[in-house]
Protein chains: 2
Amino acid sequence: MYGTGNKAMDDKDFTRAVAAVKDDRTSGAGALARQCLALLAQSGASAPSDSVSELWRILDIRAGELAAARPSMAPVGNLVARWRDSVGESDARGGSDLGRLRNVATEAAKRISAESETATARVAARACDYMREFLGSDRRDRPSNQKPAVLTLSWSGVVAEALTSLHGLEVEVVVAESRPRNEGANLARYLAEHGMTVTLITDAQLSLFAEQVDMALCGADTLFSDGAILNKAGTRLMALAMADANRPLVAACESFKTISARGQGREDGAPPLEEMPENELGYGKSSPFDFRNIYFEVTPARLIATWCTENGIVHDPAGLTRLSNPSSLV
Amino acid sequence: MYGTGNKAMDDKDFTRAVAAVKDDRTSGAGALARQCLALLAQSGASAPSDSVSELWRILDIRAGELAAARPSMAPVGNLVARWRDSVGESDARGGSDLGRLRNVATEAAKRISAESETATARVAARACDYMREFLGSDRRDRPSNQKPAVLTLSWSGVVAEALTSLHGLEVEVVVAESRPRNEGANLARYLAEHGMTVTLITDAQLSLFAEQVDMALCGADTLFSDGAILNKAGTRLMALAMADANRPLVAACESFKTISARGQGREDGAPPLEEMPENELGYGKSSPFDFRNIYFEVTPARLIATWCTENGIVHDPAGLTRLSNPSSLV
């Protein structure tokens, strides 16, 4: 948590908290979006202000800063926008009841955060059910003395929850470490501490292990409306290796992470791929060569076999529109 | 050099030298094969023995040990076998002229080593010529203000020599580091010290950069007769990413690295992929999960656009037979 505890959250505190959000390398996009909502709740409750209009001005500015803090992570912008719409449209923005606006702003943030947590839990449960069915079925060409195996990489809250929910089904999980910060090792540790059989590999071994597993599972920091996903660098390599080995990659992702495919940059240049400091690579400043440390990459829909959101599972990206509009579901 | 200097090379010295060959993570396959020839030269000159037959027995055993030291590196076995055949068929093996056998054994090792160095230099020169033609041509869809760019990974003597020979053609080289030992950083440093523009990336970024370069170049530790190559783990990911980006991967490799495609394990199980100690991954022994550290992988011919050996360049693996039999060349 990047907040200020019970202290009023003034501009300086807020700026510091935004910097921490920008700097966070370990949280997934959903967790980070909820972190932003917590900052908005705290701002609503305690940003120094004497009037309704002044408080809204401050909250609106802060929402804008948070929405722009992590350009590669759509849920941050999406959930902050949802909060802004909710508070902006509330009649608490009129009149002079400062306490009421504080209450509305805080409660909206808590409600949206809770809804997103519910969505995350539902995606994980659906992904778990799907894996249980897929891995448990007899159609796999695996020798009978070999456990079903799943390949993944980096850290994803949804993936962590889906895998640890596979009670009763003995599964081996192979995790690529995800240089430079090795969030994959965090996932490997988490899974092992939950009693799972886990093998950690270097990212360079992804193709070697694609041929030894039954399926791959990944989360996504952003889901594009055409089915492409934006996720940690290395995801596209894993997807290519799985497609080449003729094994499926399942992308598990809450629908609040969805943005228009236009954001992929097909019309406006490059996708918003955050780049982190070069010194994370660990080679020291005196090296005679340059470094690049791009954190995210886009994996196109054609390399993904199955999409899992909280509203259901589809094997064709065209079905995602239906999933993002649950009222149209039969 | 893993030898004993001017001291006679007894069995203990030799065993120590073989262990160093097995443990070597930084030398390419060609350099390592020449290292083995140097040990055979030294053994021929100074292995303690009083008779021709005893010396040959010792040399034959030592050749066998060296040939088996690096199962993923065909040139080690190939050049040692070439030496063994050469000495074994020599008439110095008959009679009682110990000095003559010592001389033949030493000279054969030096000659085969020199021939292999010539082959390496020729491959590098051919690869350089090919890159110069390919990158210099107007057909590339690169903006005119952008330098031609080549992607590679790990360390390869041939790649290092081919790239640094590109005098006059301004090229940017992107090198993937190749965890766990980051031999790619050694290549990046070598190229930068030779005045080249170099960018080092994590292996996880290979797909991101495949789309930004004109071609990829790699060496090979082993070339299979069907055009597949065995090279550092990560090579197949680079090949998949290049194929997906519709850009060519060029494999540059001396013909003495060739073995039958049968060795790929299509008939007898798995290819000989050396695995190195887990602690190289740097996570410590107390981790609650397992590690795998497979160093090599096979990249199939269908992912390679062009093969370059000392005898010529082909774009179809069927042409490799012609190249490995130079007398059939027109």
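Definitions and limits used
Residues numbered from 1 in each chain as written. Chains lettered and ligands numbered in written order. Predicted model: local features only at pLDDT ≥ 70, side-chain atom pairs only at ≥ 80, totals over all residues. Heavy atoms only, no water. Helix = DSSP H or I, 4+ residues; strand = E, 2+ residues; numbered from the N terminus. Rg over C-alpha atoms; globule rule 2.2 N^0.38 Å. Buried < 20%, exposed > 50% of the residue type's maximum accessible area, 1.4 Å probe, protein only. Contact = heavy atoms within 4.5 Å. Areas by Shrake-Rupley, 256 points an atom, 1.4 Å probe, with all protein chains shown as cover. Lys, Arg positive; Asp, Glu negative; His and termini not counted. Charge placed at Lys NZ, Arg CZ, Asp CG, Glu CD. Pairing = 2+ DSSP bridges. Axes fitted to C-alpha atoms, helices over the stretch in contact; angles between N-to-C directions. Least-squares fit on C-alpha atoms with pLDDT ≥ 70 in both. Parallel < 35°, antiparallel > 145°, perpendicular 65-115°, else oblique. Left-handed = near helix turned anticlockwise from the far one by under 90°. pLDDT = per-residue confidence, 0-100.

What to know about the overall build of chain A
Part 1: Within chain A one finds 10 helices and 12 strands.
Part 2: A compact globule built from 330 residues should have a C-alpha radius of gyration of about 20 Å, and chain A, at 21 Å, falls within 12% of that.
Part 3: Over its C-alpha atoms, taken along the principal directions, chain A stretches across nearly 70 × 60 × 45 Å.
Part 4: For chain A, with 330 residues in total, the buried portion stands at 57%.
Part 5: Residue pairs in contact within chain A that sit at least 24 positions apart in sequence constitute 72% of those at least 6 positions apart.
Part 6: Summing over all exposed atoms, chain A offers an accessible surface of approximately 13,400 Å²; the carbon and sulfur share of this is 47%.
Part 7: Between the centroid of the 36 positive side chains of chain A and the centroid of its 43 negative side chains there is a distance of 2 Å.

Notes on the sheet that holds strand β11 (residues 306-309) of chain B
Part 1: Strand order in this open sheet of 8 strands is β9(A)-β3(B)-β2(B)-β1(B)-β4(B)-β7(B)-β11(B)-β12(B), and the pairing throughout is mixed. The open sheet has two edge strands, β9 (290-291) of chain A together with β12 (312-314) of chain B, and neither has a second partner.
Part 2: The strands touched by helix α5 (residues 98-136) of chain B are β1 (149-153), β4 (215-218), β7 (249-252), β11 and β12 of chain B; relative to β11(B), the strand with the most contacts, the crossing angle is about 140°.
Part 3: Running over the sheet, helix α9 (residues 235-244) of chain B touches β1, β4 and β7 of chain B and is turned about 160° from β4(B).

Some points on the relation of the copies chain B and chain A
Part 1: Placing chain B over chain A gives an RMSD of 0.0 Å and needs a rotation angle of 180°, together with 0.0 Å of translation along the axis. The superposition of one copy onto the other is thereby described by a two-fold rotation axis.
Part 2: Residue by residue, 100% of the interface of chain B is reproduced at the interface of chain A, so both copies engage with the same surface.

Focus on the packing of helix α2 (residues 29-46) of chain A against helix α3 (residues 52-67) of chain A
Residues and elements named next belong to chain A.
Part 1: At a minimum axis distance of 10 Å, the contact between α2 and α3 shows a crossing angle of 165°. By the criterion of interaxial angle, the relationship of α2 to α3 is roughly antiparallel. Remark: the crossing between α2 and α3 carries right-handed chirality. Residue-level contacts link Cys 36, Leu 39, Leu 40, Ser 43 and Gly 44 of α2 to Leu 55, Leu 59, Arg 62, Ala 63 and Leu 66 of α3.

Points about the sheet that holds strand β8 (residues 258-259) of chain B
Residues and elements named next belong to chain B.
Part 1: Pairing within the open sheet is mixed, and its 4 strands lie in the order β8-β5-β6-β10. One side of each edge strand has no neighbouring strand; the edge strands of this open sheet are β8 and β10 (296-299).
Part 2: Where strand β5 (residues 222-224) lies against strand β6 (residues 229-232), 2 bridges are found, and the strand directions are antiparallel. Within the sheet, the bridge partner assigned to Thr 222 lies in β6 and is Leu 230.

Looking at the confidence of the model for chain A
Residues and elements named next belong to chain A.
Part 1: Scored by pLDDT, chain A has a mean of 90; 92% of the residues are at 70 or more.
Part 2: In this model, residues 265-270 is a region of pLDDT below 50 whose contacts with residues beyond four sequence positions or in other chains number 7 contacts.
Part 3: Overall fold confidence for the complex sits at a pTM of 0.91, while the interface term, ipTM, reaches 0.90.

Quick look at unusual backbone geometry
Part 1: Of note, the amide linkage connecting A:Arg179 to A:Pro180 takes the cis form, showing an omega dihedral of 5°.
Part 2: For A:Pro180, the position within the fold is in the loop between β2 (172-176) and α7 (183-193).
Part 3: Of note, A:Asn246 is a non-glycine position whose phi angle comes to about 60°, a positive value.
Part 4: Classification of A:Asn246 by relative accessible area gives exposed; the value is 70%.
Part 5: With a phi angle near 70°, B:Ser178 is a residue other than glycine that sits in the positive phi range.
Part 6: Turning to its location among the elements, B:Ser178 is positioned in the loop between β2 (172-176) and α7 (183-193).

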